[in-house]
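Architecture at a glance
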Amino acid sequence: MITMEDIVREGHPALREPASEVPLPPSAEDNDTLKQMLDYLQNSQDPELAEKYGLRPGIGLAAPQINVKKRMIAIHTMDEQGKQHTYALYNPKIISHSVEKSYLTSGEGCLSVDRSVPGFVPRNARIRVKAADIDGNPVELRLKGLLSIVFQHEIDHLNGVMFYDHINEEEPFAQPEQATPVE
Ligand SMILES: Cc1nc(NNC(=O)[C@H](CC2CCCC2)CN(O)CO)c(F)c(N2CCN3CCOC[C@@H]3C2)n1
Ligand code: NI
């Protein structure tokens, strides 16, 4: 079971190195790791389990955060319409994106960052993603809103990018150009 002890924090080299493509079909080990990442998110959103195991709540997780330098991400979140979305993917790749930007009005945080970093994180409003699902089958997703933001935060981790790398240093809460806020 993944707990906060397995999550590496700022300063750990794994957070700043690019992660490697996962050979498909996935090995039993990679499959197990990805399932455990998804379990973490589901456990962290259960108040009793989160309390019992001291889990910080999460809606996304990338393998480098558990010191596995492979291109694997898990996402478990509700969208703005209250629909549950669960993804466990290998080798996600943004193949196209909108010119329009968006950002979470609450700013972003990170399970690997034990501090608050205020500011808007400008991201692409809509993205098209190609990836492989947990069985290694190809998937193509068109994402917008919160889901688009979460995917970009996780794919950033596969490229050694942290959310605060995107924050405008001079004016953290400057309204990003051509951007739609996501509540
Ligand atoms: C927005 C939010 N970020 C939470 N944490 N941060 C994370 O997930 C980081 C990834 C997110 C940060 C911004 C975009 C992606 C983890 N990251 O570092 C992975 O790279 C939350 F936990 C959370 N929610 C709202 C929904 N709620 C449902 C009930 O259970 C609690 C849950 C809390 N919303
Ligand atoms: Ni993160």
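Below or above, wherever it landed, is the structure these notes cover. Bear in mind that the values here come from a model prediction, so they are computed numbers and not experimental data. (Residues numbered from 1 in each chain as written. Chains lettered and ligands numbered in written order. Predicted model: local features only at pLDDT ≥ 70, side-chain atom pairs only at ≥ 80, totals over all residues. Heavy atoms only, no water.)

**Examining the sheet that holds strand β5 (residues 123-124)**
Strand pairing in a sheet relies on backbone hydrogen bonds, with the paired strands running either antiparallel or parallel. Ordered by their spatial adjacency, 3 strands build an open sheet running β5-β4-β8, and the pairing between neighbours is mixed. Looking at which strands have only one partner, the edges of the open sheet turn out to be β5 and β8 (179-182). By the bridge criterion, 4 bridges tie strand β4 (residues 101-104) to β8 in an arrangement that is parallel. Across the sheet, the residue bridging to Y103 is P181, located in β8. (Pairing = 2+ DSSP bridges. Helix = DSSP H or I, 4+ residues; strand = E, 2+ residues; numbered from the N terminus.)

**Regarding the coordination of the nickel ion (ligand 2)**
Octahedral six-donor coordination of a metal ideally yields angles of 90 or 180 degrees, compared with 109.5 degrees for tetrahedral four-donor coordination. Those protein atoms acting as donors to the nickel ion (ligand 2) are C110 (SG), H153 (NE2) and H157 (NE2), and they sit at 2.1 to 2.4 Å. Classification of the site at the nickel ion (ligand 2) rests on its 6 donor atoms, whose angles at the metal span 28 to 149°, yielding the label irregular. One chain supplies every donor for the nickel ion (ligand 2), spaced along it as C-x42-H-x3-H. Here H153 and its partner H157 are both found in helix α3 (residues 145-158), 4 residues apart, which amounts to about one turn of the helix. For the pair shown, H153 and H157 are each scored as buried. (Donors = N, O, S within 2.8 Å, 3.2 Å for Na, K, Ca; no water. Tetrahedral: all angles 85-135°; square planar, octahedral: opposite > 155°, others 65-115°. Buried < 20%, exposed > 50% of the residue type's maximum accessible area, 1.4 Å probe, protein only.)

**As for the site of ligand 1**
By nearness alone, 15 residues border ligand 1, and I59, Q65, L111, E154 and H157 come closest of all. The contact in question runs from an oxygen atom of ligand 1 to an N or O atom on the backbone of L111, over 2.8 Å. Here an oxygen atom of ligand 1 and a side-chain polar atom of E154 are 2.7 Å apart. Out of a free accessible area of 680 Å², ligand 1 has 72% covered by protein chains. When its residues are assigned to classes, the shell around ligand 1 shows 6 nonpolar, 7 polar and 2 charged. (Near = heavy atom within 4 Å. Polar contact = N/O pair within 3.5 Å; in protein donor to acceptor, adjacent residues only side chain to side chain. Areas by Shrake-Rupley, 256 points an atom, 1.4 Å probe, with all protein chains shown as cover. Nonpolar A, V, L, I, M, F, W, Y, C, P; charged D, E, K, R; others polar.)

**A word on helix α1 (residues 28-44)**
Here α1 contains 17 residues, and its C-alpha end-to-end distance of 24 Å stays within 8% of the 24 Å for a straight helix at 1.5 Å per residue. For α1, the secondary structure elements touched by its buried residues are α2 (47-53), β1 (60-62), β2 (72-78) and β3 (84-97). (Expected span 1.5 Å × (residues − 1). Contact = heavy atoms within 4.5 Å.)

**Topic: the pairing of β3**
Regular strands have side chains that alternate between both faces of the sheet. In terms of strand pairing, β2 meets β3 through 7 bridges, oriented antiparallel. Its bridge partner lying in β3, I73 is registered against L89. In textbook terms, the turn of a hairpin is the stretch between consecutive antiparallel strands, and for β2 and β3 this stretch comprises 5 residues, one of which, G82, has a positive phi near 80°. As defined by bridge partners, β3 adjoins strand β6 (residues 126-132) across 5 bridges and the pair is classed as antiparallel. Residue Y90 lies in a different strand from β6, and its bridge partner there is A132.

**Points about the sheet that holds β6**
The strand order across the open sheet built from 5 strands is β1-β2-β3-β6-β7, with neighbouring strands paired in antiparallel fashion. At either end of the open sheet lies a strand with only one pairing partner, and these are β1 and β7 (138-144). The mean angle between the axes of side-by-side strands here comes to 40°, regardless of whether they run parallel or antiparallel. Where β6 lies against β7, 7 bridges are found, and the strand directions are antiparallel. Residue R128 lies in a different strand from β7, and its bridge partner there is R142. Sheet strands in contact with α3 are β1, β2, β3, β6 and β7, and its direction is about 155° off that of β2. (Axes fitted to C-alpha atoms, helices over the stretch in contact; angles between N-to-C directions.)

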